[in-house]
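So the chains spell out like this:
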Amino acid sequence: MARDKAGVLWFYKGSGNPEAPFKPRVRVGGGWNTYTAITSRAGSLVARDKAGVMWFYLRTGQDAPQPPFYPRREVDSGWNSYTAVVGNWSDYTVVARDRAGVLWSYGFVYPIPGGDFTGVWFPPRVRVGGGWNVYDRIARAGQLVGSPENDFLARDTQGRLWLYEGVGDRSIGIAPSSTRRQIGWGWGIYDTIL
């Protein structure tokens with residue numbers, strides 16, 4: 001997914017070909033510059049608007065010219081208390097960092113296929129740990145070191161890249177472990193880490 005400066009969201013489907021990794025882009029729609037955070041959740045999207053309301057876009061699983069997402073549904077309000085919201089394309093967990101630097105996990109709740117879902121979508125949050133204000137970027141990654149769950153990357157203000165192995169269960173979802181390992185430096189040259 002990519003949002004251009006005009007607020008148009010584009011969907012780039014993987015091709016499976018390393019020489020040309022993406023199929024031609026598909027226009028999802030305009031007006032996406034109203035969101036201050038957009039992240040994935042198991043192939044679907046969650047987006048926070050300027051008022052702090054979180055919206056959910058369930059994927060349709062359709063290829064162009066069909067729309068990739070069903071119409072949005074409101075999830076919750078009060079998400080302006082978070083300075084970072086991070087999801088992953090392959091699982092349902094979303095983690096969010098509050099202004100005090102505490103990381104919270106919102107675990108597993110599966111929407112009903114076909115876009116017909118109601119009720120509480122996020123379960124109560126679970127505290128992962130504090131001290132996450134030392135990072136200016138947090139991202140989800142694949143299983144980088146053979147851990148059973150997707151891992152987390154975090155970049156500090158000195159440009160050092162840290163790896164947190166993913167751990168979790170049905171109660172907390174997938175969260176970073178309590179230990180980190182430095183895997184890179186010089187990452188301050190990048191303005192985005194996905």
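I will try to describe carefully the structure that is included in this document. (Residues numbered from 1 in each chain as written. Predicted model: local features only at pLDDT ≥ 70, side-chain atom pairs only at ≥ 80, totals over all residues. Heavy atoms only, no water.)

### Points about the overall build of the chain
Within the chain, the regular secondary structure consists of zero helices and 16 strands. Within the chain, the fraction of its 194 residues that count as buried is 45%. If you take every contact in the chain between residues at least 6 apart in sequence, the share linking residues at least 24 apart comes to 40%. Of the roughly 10,500 Å² that the chain leaves accessible, carbon and sulfur atoms contribute 52%. (Helix = DSSP H or I, 4+ residues; strand = E, 2+ residues; numbered from the N terminus. Buried < 20%, exposed > 50% of the residue type's maximum accessible area, 1.4 Å probe, protein only. Contact = heavy atoms within 4.5 Å. Areas by Shrake-Rupley, 256 points an atom, 1.4 Å probe, with all protein chains shown as cover.)

### Side note on the pattern of salt bridges
With the rule as written, the count across this model stands at two salt bridges. Across the salt bridge formed by R155 and D136, the nearest N and O atoms sit 3.0 Å from each other. Residue R155 is located in strand 13 (residues 149-156), and its partner D136 is located in strand 12 (residues 135-140); the two are separated by 19 residues in the primary sequence. Linking R160 and D156 is a salt bridge whose minimum nitrogen-to-oxygen distance equals 2.7 Å. A relative accessible area of 4% places D156 in the buried class. (Salt bridge = Lys/Arg side-chain N within 4 Å of Asp/Glu carboxyl O.)

### Section: the packing of aromatic side chains
What describes a pair of aromatic rings is the distance from one ring centre to the other and the angle between the planes of the rings. The full count for this structure, using the stated rule, is eleven aromatic pairs. With 5.1 Å between their ring centres and 55 degrees between their planes, W79 and Y82 make a pair best called tilted. Overall, Y82 belongs to the buried group, its relative accessible area being 4%. On the numbers, 4.7 Å between centres and 35 degrees between planes, the contact of W132 with Y164 is tilted. One end of the pair, W132, is in the loop between strand 11 (126-129) and strand 12; the other, Y164, is in strand 14 (residues 161-169), and 32 residues separate them in sequence. A residue is classified by how much of its surface remains accessible, and Y164, at 8% relative accessible area, is buried. Cluster of aromatic residues (ring-pair linked, three or more members): W32, Y35 and Y57. The cationic tip of R72 hangs over the ring face of W55; the distance from NZ or CZ to the ring centre is 3.5 Å. Just above the ring of W104 sits the side chain of R125; from NZ or CZ to the centre is 3.6 Å. (Phe/Tyr/Trp six-rings, centres within 6.5 Å; stacked < 30°, edge-to-face > 60°. Lys NZ or Arg CZ within 6 Å of the ring centre and 35° of its normal.)

### Points about the sheet that holds strand 8 (residues 82-86)
Pairing in this open sheet of four strands is antiparallel, and the strands run 8-9-10-11 from one edge to the other. Every interior strand has two partners, whereas the edge strands, strand 8 and strand 11, have only one. Neighbour-to-neighbour, the strand axes of this sheet turn through a mean angle of 30 degrees, independent of strand direction. In this sheet, strand 9 (residues 94-98) lies alongside strand 8 in antiparallel orientation, the contact comprising four bridges. (Pairing = 2+ DSSP bridges. Axes fitted to C-alpha atoms, helices over the stretch in contact; angles between N-to-C directions.)

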